[in-house]
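# Secondary and tertiary structure notes
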Amino acid sequence: MTAPDAAALGQRADLMIRTLGSISAEPNRLVRGFLTPEHRAAADLIGQWMRAAKLQVSEDALGTVRGHWPGTGPKRLLIGSHIDTVIEAGMFDGPLGVIAGILAAEHFAKAGRKLGFGLDVLAFGDEEGSRFSKTLSSSLAVAGAFDAERLDLADANGMTLREAIAAYGKNADDLPSAAYDRDVAAAYVEVHIEQGPVLEHRNQALGVVTAIAGQTYVNVEFLGEAGHAGTVPMLLRRDALAGAAETVLLAERMARDTQGEVVATVGVLRIPNAAGNVVPGNVALIVDIRSGSDEARHKFVGAFKAEIRALAERRHLGVTMTDTRNVPTTPCDPALQAGLADAVRATGGDAIKLVSGAGHDGMAMARLCPIAMLFVRCRGGISHNPAEYASPVDMGLAVAALIRFIETVKL
Ligand SMILES: [Zn+2]
């Protein structure tokens, strides 16, 4: 069997991504929501590509397209990503993983080469959650972890998910049959653009993901005393914003001190009744804390809160802290990681390891089977933006590495 031509695969991936990227609800920007006419058109195109690749095509009740290449045994390697987008999206986030899966499966299917396990390429329709308020519906259904309460979620026009499924020509009652049997689903692997700048910074096309980061949101509210900006002396103030400002810099300093293990961000700062001549009496902020290690994240959150209590006391401020989100880390399987690393090295890369700071379908799929992810360098680390870009050369290397992984993995 001939070795894959990475350059040619990259050119094909690029053309496919551009073709898929032209399917949008709006003429001048990419918007492709779950269970919309654009989802239908994208799924039809994916199905067409899968059939051309000699895969058997089916769809489940949420419109997830599956392309199957049978193996000699009952187990299957699942390869997937998503074809829905955020509003004003780039073309690569999601489609690259689906297209890489099709091109890799085609390598075996067109040659009539059966492996010990089957290949299933999955094109999920709801990763971003841009139509209904929750994410990952498609992959949760496939993982057998779809919560039926989601069917009552409504989109911006008041249409429920249940109604949208019917309008798409599917039946919500068929949802349970979307789930894989645990004995069949041996592993899930996803190729995705990095959505960050690390690979570019390290001059590498590909990287192996060790974990999808866990996340904590801490809502912090400082209560001081509002006062006149001209008359209250500096030493008699209880300035809630000064306490919040110290907290922003504290988050930055403490996260920097972890040497990359934890990232912390204050993206929201609210100053009710803000005015130029008023000492702020009440300020709320949201701190987003992420890490590839739950232990490191919990330790960080504990130490961070202790520092905030201390600074509030020093500043004579009241403070409340509430965790509004607590998502555990999704670890990638060590044996699958090692297999991907070998495959990346076979393409000439260093196989550097990195944590995914963003969420992915793998979080849902980890409830079904071991998972792994291969990241592809994207220009400037930019994503969720029309400027999103991965080069044909890098995408070709990703497909070649995926083929190599499939050839060598033991399931
Ligand atoms: Zn994505």
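In case you missed it, the structure is sitting above this.
Model, not experiment: these values are computed from the prediction.

Summing up its helical and strand segments, the chain has 11 helices and 15 strands in all. Scaling as 2.2 N^0.38, a compact globule of 411 residues should have a C-alpha radius of gyration of about 22 Å, and the chain matches this with 24 Å. On the principal axes, the C-alpha backbone points of the chain span a range of 80 × 50 × 40 Å. Across the 411 residues in the chain, those meeting the buried criterion constitute 53%. In the chain, once contacts between residues fewer than 6 apart in sequence are set aside, the share between residues at least 24 apart is 78%.

Here Ala351, not a glycine, exhibits a phi torsion of approximately 55°, which is positive. Following the sequence through the fold, Ala351 ends up in the loop between helix H9 (334-346) and strand S14 (352-356). Phi is positive for His384, which is not a glycine, with a value near 55°. In this fold, His384 is placed in the loop between strand S15 (371-376) and helix H11 (392-408).

Within the structure shown, the criterion is met by 4 aromatic pairs. Seen from their ring centres, Phe124 and Tyr188 are 6.4 Å apart, and the 45° between their planes marks the pair as tilted. Within this pair, whereas Phe124 is found in strand S4 (residues 118-124), its partner Tyr188 is found in strand S5 (residues 185-193), the two being separated by 64 residues in sequence. Here the two residues Phe124 and Tyr188 agree in accessibility, since each one is buried. Taking 5.9 Å as the distance between ring centres and 20° as the angle between the ring planes, the aromatic pair formed by Phe300 and Phe304 counts as stacked.

Attention now goes to helix H3 (residues 95-109). Over its 15 residues, H3 extends 20 Å from the first C-alpha to the last, a length consistent with the 21 Å expected when each residue adds 1.5 Å. By the criterion of burial, H3 is predominantly enclosed, with 15 of the 15 residues buried.

What follows concerns the packing of helix H7 (residues 240-257) against helix H8 (residues 294-314). At a minimum axis distance of 10 Å, the contact between H7 and H8 shows a crossing angle of 150°. The pairing of H7 with H8 is recorded here as roughly antiparallel in orientation. Crossing of H7 over H8 shows right-handed handedness. Contacts from Gly243, Glu246, Thr247, Leu250, Ala251, Met254 and Ala255 of H7 reach H8 at Phe300, Ala303, Phe304, Glu307, Ile308, Leu311 and Arg314. Along the lines of polarity and charge, the residues of the contact of H7 with H8 split into 9 nonpolar, 2 polar and 3 charged.

Now for the sheet that holds strand S9 (residues 262-270). Taking strand neighbours across the sheet as the criterion, the 4 strands line up as S9-S11-S7-S12 in an open arrangement whose pairing is antiparallel. The sheet is open, and its two borders are formed by S9 and strand S12 (318-327), each paired with just one other strand. Ignoring which end each strand starts from, the neighbouring axes of this sheet average 20° apart. Judged from the 8 bridges that link them, S9 and strand S11 (residues 282-291) form a sheet pairing that is antiparallel. Residue Val262 lies in a different strand from S11, and its bridge partner there is Ser291. Packed onto the sheet, H8 meets strand S7 (214-223), S9, S11 and S12 and runs at close to 5° relative to S7.

In this section: the coordination of the zinc ion. Here the zinc ion is held by His82 (NE2), Asp93 (OD) and His192 (NE2), and the distances to it run 2.0 to 2.2 Å. All donors of the zinc ion belong to a single chain; written as a sequence motif, their spacing is H-x10-D-x98-H. Pair noted here: Asp93 is in the loop between strand S3 (76-82) and H3 and His192 is in strand S5, with a separation of 99 residues, a long-range link. Of the two residues examined, Asp93 and His192, each falls in the buried class.

With that settled, consider the pairing of S4. Across the 7 residues that make up S4, a large majority, 7, are buried. Burial along S4 is two-sided: Gly118, Asp120, Leu122 and Phe124 and Leu119, Val121 and Ala123, pointing in opposite directions, are all buried. Examined bridge by bridge, strand S2 (residues 65-69) and S4 share 5 bridges and lie antiparallel to one another. Looking across to S4, one finds that Val65 is bridged to Ala123. Taken together, the 7 bridges between S3 and S4 define a ladder with parallel strand orientation. Within the sheet, the bridge partner assigned to Ser81 lies in S4 and is Ala123.

This brings us to the side chain of Glu106. If you trace the backbone, Glu106 turns up in helix H3. Looking at Glu106, the relative accessible area reads 10%, which means it is buried.

Moving on, we come to the pattern of salt bridges. Overall, the coordinates contain 20 salt bridges when judged by the stated rule. Residues joined by salt bridges that share partners form a network here, namely Arg40, Asp44, Glu59 and Lys170.

As a further point, take the environment of Ala154. One can find Ala154 in the loop between helix H4 (137-142) and helix H5 (161-167). Through-space distance from the C-alpha of Ala154 to that of Asn219 is 27 Å; in sequence the pair is 65 residues apart. Residues within four places of Ala154 in sequence aside, it is in contact with Phe132, Met159 and Thr160.

Cut-offs and rules
- Residues numbered from 1 in each chain as written.
- Predicted model: local features only at pLDDT ≥ 70, side-chain atom pairs only at ≥ 80, totals over all residues.
- Heavy atoms only, no water.
- Helix = DSSP H or I, 4+ residues; strand = E, 2+ residues; numbered from the N terminus.
- Rg over C-alpha atoms; globule rule 2.2 N^0.38 Å.
- Buried < 20%, exposed > 50% of the residue type's maximum accessible area, 1.4 Å probe, protein only.
- Contact = heavy atoms within 4.5 Å.
- Phe/Tyr/Trp six-rings, centres within 6.5 Å; stacked < 30°, edge-to-face > 60°.
- Expected span 1.5 Å × (residues − 1).
- Axes fitted to C-alpha atoms, helices over the stretch in contact; angles between N-to-C directions.
- Parallel < 35°, antiparallel > 145°, perpendicular 65-115°, else oblique.
- Left-handed = near helix turned anticlockwise from the far one by under 90°.
- Nonpolar A, V, L, I, M, F, W, Y, C, P; charged D, E, K, R; others polar.
- Pairing = 2+ DSSP bridges.
- Donors = N, O, S within 2.8 Å, 3.2 Å for Na, K, Ca; no water.
- Salt bridge = Lys/Arg side-chain N within 4 Å of Asp/Glu carboxyl O.

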